[in-house]
2 protein chains.
Amino acid sequence: MITIPVPLGARAYDVRIGGVSPDEAATWLVAAAGAPTGVAVLVDAQVGRVSPRVAPLVAALAARFPNVRRRDLPAGEACKTLAEIGRTTEWMAASGFDRGALVVAIGGGAVSDHAGFAAAIYLRGVPFAIFPTTLLAMVDASVGGKTGVDLGAGKNLVGAFHQPRAVIADLGFLATLPPRERTAGLAEVVKAGLIADLALFERLEEEAVSLSAPAEHRDGENATRLATIIAAAVKVKVDVVTADERESGRRAILNFGHTVGHALESESAYELLHGEAVSLGMVAALSLGVSRAVTPVAVRERARRLLAALGLPVDVERRLSPAVLERIDVDKKRRGESVRFVLVPTPGTAELTDIPLAEVRSLLARTGPAA
Amino acid sequence: MITIPVPLGARAYDVRIGGVSPDEAATWLVAAAGAPTGVAVLVDAQVGRVSPRVAPLVAALAARFPNVRRRDLPAGEACKTLAEIGRTTEWMAASGFDRGALVVAIGGGAVSDHAGFAAAIYLRGVPFAIFPTTLLAMVDASVGGKTGVDLGAGKNLVGAFHQPRAVIADLGFLATLPPRERTAGLAEVVKAGLIADLALFERLEEEAVSLSAPAEHRDGENATRLATIIAAAVKVKVDVVTADERESGRRAILNFGHTVGHALESESAYELLHGEAVSLGMVAALSLGVSRAVTPVAVRERARRLLAALGLPVDVERRLSPAVLERIDVDKKRRGESVRFVLVPTPGTAELTDIPLAEVRSLLARTGPAA
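Calculation rules
In this numbering scheme, every chain counts its residues from 1 along its sequence in written order. As they are written, the chains are lettered A onward and the ligands numbered 1 onward, keeping that order. Since the coordinates come from a predicted model, pLDDT governs what is reported: local features require at least 70, and pairs of side-chain atoms require 80 or more to be given and counted, while whole-chain, interface and lining totals use all residues. Runs of E in the DSSP output that reach at least two residues are strands. Runs of H or I that reach at least four are helices, and both are numbered from the N terminus. Atoms considered for the radius of gyration are the C-alpha atoms alone. The globule rule reads 2.2 Å times the number of residues to the power 0.38. Exposed residues have 12 or fewer other C-beta atoms within 10 Å of their own C-beta, buried residues have 20 or more, and residues in between are partly exposed; the C-beta atoms are placed from the backbone. By the convention adopted here, residues are in contact when the distance between their C-beta atoms, placed from the backbone, does not exceed 7 Å. Structural elements are reduced to axes, namely lines fitted to C-alpha atoms, with helices fitted over the stretch in contact, and the angle between N-to-C directions of any two is expressed from 0 to 180 degrees. To sort the angles, those under 35 degrees are grouped as roughly parallel, those over 145 as roughly antiparallel, those from 65 to 115 as roughly perpendicular, and the leftovers as oblique. Each residue gets one of three labels, nonpolar for Ala, Val, Leu, Ile, Met, Phe, Trp, Tyr, Cys and Pro, charged for Asp, Glu, Lys and Arg, and polar for the others, Gly among them. For this analysis, nonpolar core means a set of buried Ala, Val, Leu, Ile, Met, Phe, Trp, Tyr and Cys residues linked through C-beta atoms within 7 Å. What marks off one domain from the next here is an automatic or database domain assignment. A least-squares fit on C-alpha atoms brings the copies together, and the residues used are those whose pLDDT is at least 70 in both copies. Paired strands are those between which DSSP finds at least two bridges. Crossing handedness is defined as follows: a turn of the near helix away from the far one that is anticlockwise and smaller than a right angle gives a left-handed crossing, while the clockwise case is right-handed. Expected span, for any helix, means 1.5 Å times one less than how many residues it has. Confidence of the predictor in every single residue is expressed as pLDDT, which spans 0 to 100.

1. A closer look at the overall build of chain A
For step 1, the next point in the chain: Assigned secondary structure in chain A consists of 14 helices and 12 strands.
For step 2, the next point in the chain: At 20 Å, chain A has a C-alpha radius of gyration in line with the 21 Å of a compact globule built from 371 residues.
For step 3, the next point in the chain: Seen through its principal axes, chain A has C-alpha atoms that stretch 60 × 45 × 35 Å.
For step 4, the next point in the chain: Per-residue burial for chain A yields a buried fraction of 54% across its 371 residues.
For step 5, the next point in the chain: Of all intrachain contacts in chain A linking residues separated by at least 6 positions in sequence, the fraction that spans at least 24 positions is 75%.

See below:
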């Protein structure tokens, strides 16, 4: 069990990572959340169907808290709409939840984005806690306080900053995670290494083979090794976020790979998983760095090799359609007529650069494997 | 022109009250909002149709800011739905508004609640400013930072705290305000007097006849006298809100009359105007105070006389149906099994009391003109 404190003053909380029993989890939640008047448990319906860990966890919560109710959300990105937020908040009102209620998310990043946003706006704000069930959510959605849903015009275009009271990452949930989703989750771990942690990046290079192996070959793979890697990635995010809680500056380096990534994800109608899109977006951002003479070609190729070795897609060049470029226009990281990009000069370092929209289009259009 | 500063540290802003030309208004907005990359003007459609002041104001904004776009919202409470928030935010994305954009509300409290909430969640938060066009909005919606929309289960059940950058209350908008709405707006002024400003309460008693007269008889009524009364009510709210920005404690006295008021408003399917419902709710809260030996009968009758003299409804007894009592159950001011009420021992003072739900039902059921 690894505990990573997120030191945000009055909104400080802990991220716990490891094998966690339902009883331990519920006990920690009591310590973190005090005495809520009710608990709204929002569960990814798919996780609810396949994971044997959901029902015992909800039962453990019901044994300790009053008015524990469960609502299963449409699996994955489908829950990230204002209409679904309407259904959740109407259900909360009908269930009698008041300002003293606690929202608990059990699911991937989509569910915690949804649950956190519902908690942020229900009665103008009630607390929430996250049980991430995917590798991506453990690494990415558990820190930062970003919540929200999608619009037709793009991903995460409405939302709120709302910090959880606790994040409890039970690695047991990963047993029923589809291999493709597990692999996709590694993209954010690679990102953490690339922007801020050379040692993590090198460790991933060393362990790429075992990390990419099917679950049955990773048996003793040992929760400890995986927990260590997840914890390192979480730590990167914690360090950046606590230095800059409202994303006015440095925090933006966490968007490495996300500007193009979001556009690809959105244009694919979410057939690409978030981590897959970020993998492609990182290759695009590295190529932008190469074009601007910030990133050595060798660094881009090294990162590309690691991503490919982990089983992540890297063939971004053939995907940069005009429609994808168009989507970058409405991306929220655009400011006026330029787009803020994160460039990586060398693994473990990152810098922010505003690139005029016209130049982005032209550079991305020229991007190619040999550029 | 009266300027009331709202001293909220980094979120401080001014409320300006008086006759304001479009040019003055736009100039103030430049001073308050800096250099936005675009301005999303959200207008109450009815105000847009009847008031000659909207078009010149939008034109004055367009002369000073880039990408000024106007969207007319369904008039009144009809704009306070998550579906309408979805339409506004999709429109904002389609209009190319980025994080540097400013949202401007021109309308009553419903429009500023909608616009403030859209601003709070669009790209996780952009600034906004308010041009209140009703007396109620000038007095009530311009201070406090409460934004939000309704659910089927009740009013204002989802929302956010989001402070405006500026509030500019041009009394010229009141010329086209229907008399019933103008009268309703006086309820929040009476409330301010009752909970915190004896001098304001007495002034209202003295001026009740002229305040309730039709517009054509109030000619020289003079903006100054009205501005003074509005400013006094705004000042009460500012003092309470700045002492307690997140409504953890004392701020709740502003809910005087609102617990029963919201239930009545909701149960009437919003045929009752907010101010009318608050007038009725204040009489109910005063009667609760009488039942608990906190409020002298004479105080309740004095308040009732003032409200009636201003043309506000006071016959709450015949409206307290079981359905209305049921609605208090989901009201957000309920905590656990009790409801927080504001009681007024004497005009100009208020105290908070948690009353068990069962007692509320029994007291309200017994409430009558002779109680």
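Let us keep going from here.
2. Regarding the packing of helix H11 (residues 274–291) of chain B against helix H12 (residues 297–309) of chain B
Two numbers describe a pair of packed helices, the interaxial angle and the distance between the axes.
Residues and elements named next belong to chain B.
For step 1, the next point in the chain: Closest axis-to-axis distance for the H11/H12 pair is 9 Å, and the angle between their directions is 170°. Compared by their axis directions, H11 and H12 come out roughly antiparallel. In contact with Ser279, Met282, Val283, Leu286, Ser287 and Val290 of H11, H12 contributes Val297, Val299, Arg300, Ala303, Arg304 and Leu307.
For step 2, the next point in the chain: Of the residues contributing to the contact of H11 with H12, the split by class is 8 nonpolar, 2 polar and 2 charged.

3. With respect to the interface of chain B and chain A
For step 1, the next point in the chain: Listed as interface residues are 32 residues of chain B and, on the opposing side, 32 residues of chain A.
For step 2, the next point in the chain: Considered class by class, the residues forming the side of chain B that touches chain A number 14 nonpolar, 10 polar and 8 charged.

4. Some points on the nonpolar core
For step 1, the next point in the chain: The biggest cluster of nonpolar side chains holds 250 residues, and the ones touching the most others in it are Val103 and Val104 of chain A together with Val103 and Val104 of chain B.
For step 2, the next point in the chain: Ignoring anything within four residues of it in the chain, the contact list for Val104 of chain B reads Val39, Ala40, Val41, Leu42, Leu61, Phe128, Ala129 and Phe131 of chain B.

5. Observations regarding the domain arrangement of chain A
Residue and element names in this part refer to chain A.
For step 1, the next point in the chain: With domains assigned, chain A is organised as domain 1 (2–176) and domain 2 (179–366).
For step 2, the next point in the chain: At the interface, 28 residues of domain 1 touch 31 residues of domain 2.
For step 3, the next point in the chain: For the side of domain 1 that touches domain 2, the elements supplying multiple residues, two or more each, are strand E1 (2–6), strand E2 (13–18), helix H6 (135–141) and strand E8 (154–161).
For step 4, the next point in the chain: The greatest single-element share of the side of domain 1 that touches domain 2, amounting to 5 residues, is contributed by H6.
For step 5, the next point in the chain: Broken down by class, the residue content of the side of domain 1 that touches domain 2 amounts to 18 nonpolar, 7 polar and 3 charged.

6. Quick look at the relation of the copies chain B and chain A
For step 1, the next point in the chain: Least-squares fitting of chain B to chain A yields an RMSD of 0.0 Å, with the superposition described by an axial translation of 0.0 Å and a rotation of 180°. With respect to symmetry, the two chain copies, as superposed, fit the operation of a two-fold axis.
For step 2, the next point in the chain: Both copies contact each other with a shared surface, as 100% of the interface residues of chain B are interface residues in chain A too.

7. Here we look at the sheet that holds strand E4 (residues 68–73) of chain B
Residue and element names in this part refer to chain B.
For step 1, the next point in the chain: Pairing within the open sheet is mixed, and its 7 strands lie in the order E1-E2-E9-E6-E5-E3-E4. Two strands close off the open sheet at either side, each with one partner strand: strand E1 (2–6) and E4. Averaged over all pairs of adjacent strands, the angle between their axes in this sheet comes to 15°, without regard to strand direction.
For step 2, the next point in the chain: For strand E3 (residues 38–44) and E4, the ladder comprises 6 bridges, and the chain directions are parallel. The residue of E4 that forms the bridge with Ala40 is Arg69.

8. Quick word on the sheet that holds strand E5 (residues 101–107) of chain A
Residue and element names in this part refer to chain A.
For step 1, the next point in the chain: Strand order in the open sheet formed by 7 strands is E1-E2-E9-E6-E5-E3-E4, and the pairing between neighbours is mixed. Strand pairing shows two members of the sheet lacking a second neighbour, E1 and strand E4 (68–73), which therefore form its edges. Adjacent strand axes in the sheet meet at a mean angle of 15°, parallel and antiparallel pairs treated alike.
For step 2, the next point in the chain: Packing against the sheet, helix H1 (residues 22–33) makes contact with E2, E5, strand E6 (128–132) and strand E9 (166–170), and its axis sits at approximately 170° to E9.

9. Here's the deal with unusual backbone geometry
Residues and elements named next belong to chain B.
For step 1, the next point in the chain: Although it is not a glycine, Asn67 sits at a positive phi angle of roughly 40°.
For step 2, the next point in the chain: Inspection of the secondary structure assignment puts Asn67 in the loop between helix H3 (54–64) and E4.
For step 3, the next point in the chain: Even without being glycine, Tyr270 reaches a positive phi, approximately 65°.
For step 4, the next point in the chain: Its place among the elements puts Tyr270 in the loop between helix H10 (258–267) and H11.

10. Examining the packing of helix H7 (residues 179–196) of chain A against helix H11 (residues 274–291) of chain A
Residues and elements named next belong to chain A.
For step 1, the next point in the chain: The interhelical angle for the contact between H7 and H11, taken along N-to-C directions, is 40°, at an axis separation of 6 Å. Our classification of the angle between H7 and H11 gives oblique. In the crossing of H7 with H11, the sense of the turn from one axis to the other is left-handed. Each of Ala184, Gly185, Leu186, Ala187, Glu188, Lys191 and Leu194 in H7 lies in contact with H11, whose residues at this interface are His274, Gly275, Glu276, Val278, Ser279 and Met282.
For step 2, the next point in the chain: For the contact of H7 with H11, the residue count by class is 6 nonpolar, 4 polar and 3 charged.

11. With respect to helix H5 (residues 109–121) of chain A
All names here are of chain A.
For step 1, the next point in the chain: Across its 13 residues, H5 extends 18 Å between first and last C-alpha, which sits within 8% of the 18 Å expected from 1.5 Å per residue.
For step 2, the next point in the chain: Among the 13 residues of H5, 13 are classified as buried, and the element is accordingly described as predominantly covered.
For step 3, the next point in the chain: Taken from the residues just after H5, Leu123 is the one with a positive phi, measuring 50°.

12. Some points on the pairing of E1 of chain A
Residue and element names in this part refer to chain A.
For step 1, the next point in the chain: Where E1 and E2 come together, 5 bridges link them in antiparallel fashion. Bridging across to E2, Val6 finds its partner in Tyr13.
For step 2, the next point in the chain: Where E1 folds back onto E2 in an antiparallel hairpin, the turn is made up of 6 residues, including Gly9, whose phi is positive at roughly 60°.

13. Observations regarding the confidence of the model for chain A
For step 1, the next point in the chain: When pLDDT is averaged along chain A, the result is 90; 93% of the residues meet or exceed 70.
For step 2, the next point in the chain: The complex prediction reports pTM at 0.87, with the ipTM value standing at 0.85.

14. What about the environment of His114 of chain B?
Residues and elements named next belong to chain B.
For step 1, the next point in the chain: For His114, the position within the fold is in helix H5 (residues 109–121).
For step 2, the next point in the chain: Note on His114: 29 C-beta atoms within 10 Å, which makes it buried.
For step 3, the next point in the chain: His114 sits 101 residues away from Tyr13 along the chain, and the two C-alpha atoms are 20 Å apart.
For step 4, the next point in the chain: Non-local contacts of His114, meaning those with residues more than four positions away in its chain, are made with Leu42, Leu73, Cys79, Lys80, Glu84, Ile85 and Val149.

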